[in-house]
Amino acid sequence: MKTDDQLKELVRQKYSEIALQDKETNQSSCCGAGGCSTEVYNIMNDDYTKLEGYNPEADLGLGCGLPTEFAKMKPGDTVIDLGSGAGNDCFVARSEVGEQGKVIGIDFTPAMIEKARLNADKLGFNNVEFRQGDIEKMPLRSDVADVVVSNCVLNLVPNKDGVFKEIFRVLKPKGHFSISDVVLIGDLPDGLQSAAEMYAGCVSGAIQKDQYLELVQSNGFKNIVVQKEKQIHIPNDILVNYLNESEIAAFTSGNTGIFSITVYAEKPAPEGAACCGTNCCN
């Protein structure tokens, strides 16, 4: 079993490689029996092209949902994107918050930060910035964000509880998040659970759906809603790299499910918060 630091270094290395490839290369179907790992990252990707603010150069095809579509962003909001990659969700968010808003992307892979900053420069945005940092210890002050978004990133982080604590810290009271992630119902076969490659591909790092939602609740969030849920099917030409024939048959016919979920939750106002005019702020 790898340590948390080893898993994080694995993710850093894998996503540094991906940052140097274009979307078409990442999405090429080359797994087969020989095992090209890139398809593992892309079996969950949703289509961003219909969203305003979409920029093809920033889309590496690595998400598992469309959190920005559900994030209820408003003009003037400050938005934080966790695991911002090449900037895809940040640029979509910027179209929602406008010139008066602010978008901050956080990623701990230097190559991704460089790619995102180049994309922002090309677009001429002065209210979108990218900071290198660990989302378990964000380089941000407390109570700064109206909205936090993230797309298929927390499942890569060993200390998910720590990330939710940080999200709660950086959100303003009455702020909220919309996060897409991969979760499980039932246990993965040992071959998938122990595969480092599948961890970086967002699968073996996933936790149980109930456990995930319990982490959200235990960290103080309220009004928790699963905004979208879809089952993910891993093709056999990927599974064959990790499981034998009988294991594949048992996995595909069993009760284990791998799902992409988009979760919304709010940070409540502090107890005893003062009222604003005729409407109370709690």
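Everything below is about the structure printed above this text.
Just so it is clear, the structure is predicted and the values come from calculations on it, not from any experiment.

Novice: Lay out the pairing of strand β8 (residues 257-266) in plain terms, naming residues and giving numbers.
Specialist: Counting buried positions along β8 yields nine of ten residues, so the element is predominantly enclosed. Across ten bridges, the pairing between strand β5 (residues 171-185) and β8 is antiparallel. In the strand pairing of β8, Phe 177 is matched with Ala 265. Of the strand pairs in this sheet, strand β7 (residues 222-232) and β8 are connected by eight bridges, and their pairing is antiparallel. By the bridge assignment, Glu 229 is partnered in β8 with Ile 261.

Novice: Break down helix α5 (residues 110-123) for me, with residues and values.
Specialist: With 14 residues, α5 extends 20 Å from end C-alpha to end C-alpha; this agrees with the ideal 20 Å at 1.5 Å per step. Here α5 has its buried residues at Met 112, Ile 113, Ala 116, Asn 119 and Ala 120. For α5, the angular spread of buried residues about the axis comes to 130 degrees, placing them on one side. Exposed residues lying more than 90 degrees from the buried face of α5 are Glu 114, Asp 121 and Lys 122. Positive phi appears at Gly 124, one or two residues downstream of α5, with a value of about 75 degrees.

Novice: With reference to specific residues and values, describe the packing of aromatic side chains.
Specialist: On inspection of all chains with the given rule, the structure shows six aromatic pairs. With centroids separated by 5.9 Å and ring planes inclined at 55 degrees, the aromatic side chains of Phe 91 and Phe 125 adopt a geometry described as tilted. Of the two residues, Phe 91 is situated in helix α4 (residues 88-97) and Phe 125 in the loop between α5 and β3 (128-132); the sequence distance between them amounts to 34 residues. A residue is classified by how much of its surface remains accessible, and Phe 125, at 22% relative accessible area, is partly exposed. Cation over ring: Lys 72 sits above Tyr 264, and NZ or CZ is 4.3 Å from the ring centre.

Novice: How would you explain the pattern of salt bridges if you had to name every residue and give the values?
Specialist: Under the defined criterion, the tally for this structure stands at eight salt bridges. The salt bridge partner of Lys 102 is Glu 129, with a shortest N-O separation of 3.3 Å. With Lys 102 in strand β2 (residues 102-107) and Glu 129 in strand β3, this pair connects stretches of sequence that are 27 residues apart. The exposure class assigned to Lys 102 is partly exposed, which follows from its relative accessible area of 34%. For Glu 129, a relative accessible area of 27% corresponds to the partly exposed category.

Calculation criteria
- Residues numbered from 1 in each chain as written.
- Predicted model: local features only at pLDDT ≥ 70, side-chain atom pairs only at ≥ 80, totals over all residues.
- Heavy atoms only, no water.
- Buried < 20%, exposed > 50% of the residue type's maximum accessible area, 1.4 Å probe, protein only.
- Helix = DSSP H or I, 4+ residues; strand = E, 2+ residues; numbered from the N terminus.
- Pairing = 2+ DSSP bridges.
- Expected span 1.5 Å × (residues − 1).
- Arc of directions from axis to C-beta.
- Phe/Tyr/Trp six-rings, centres within 6.5 Å; stacked < 30°, edge-to-face > 60°.
- Lys NZ or Arg CZ within 6 Å of the ring centre and 35° of its normal.
- Salt bridge = Lys/Arg side-chain N within 4 Å of Asp/Glu carboxyl O.

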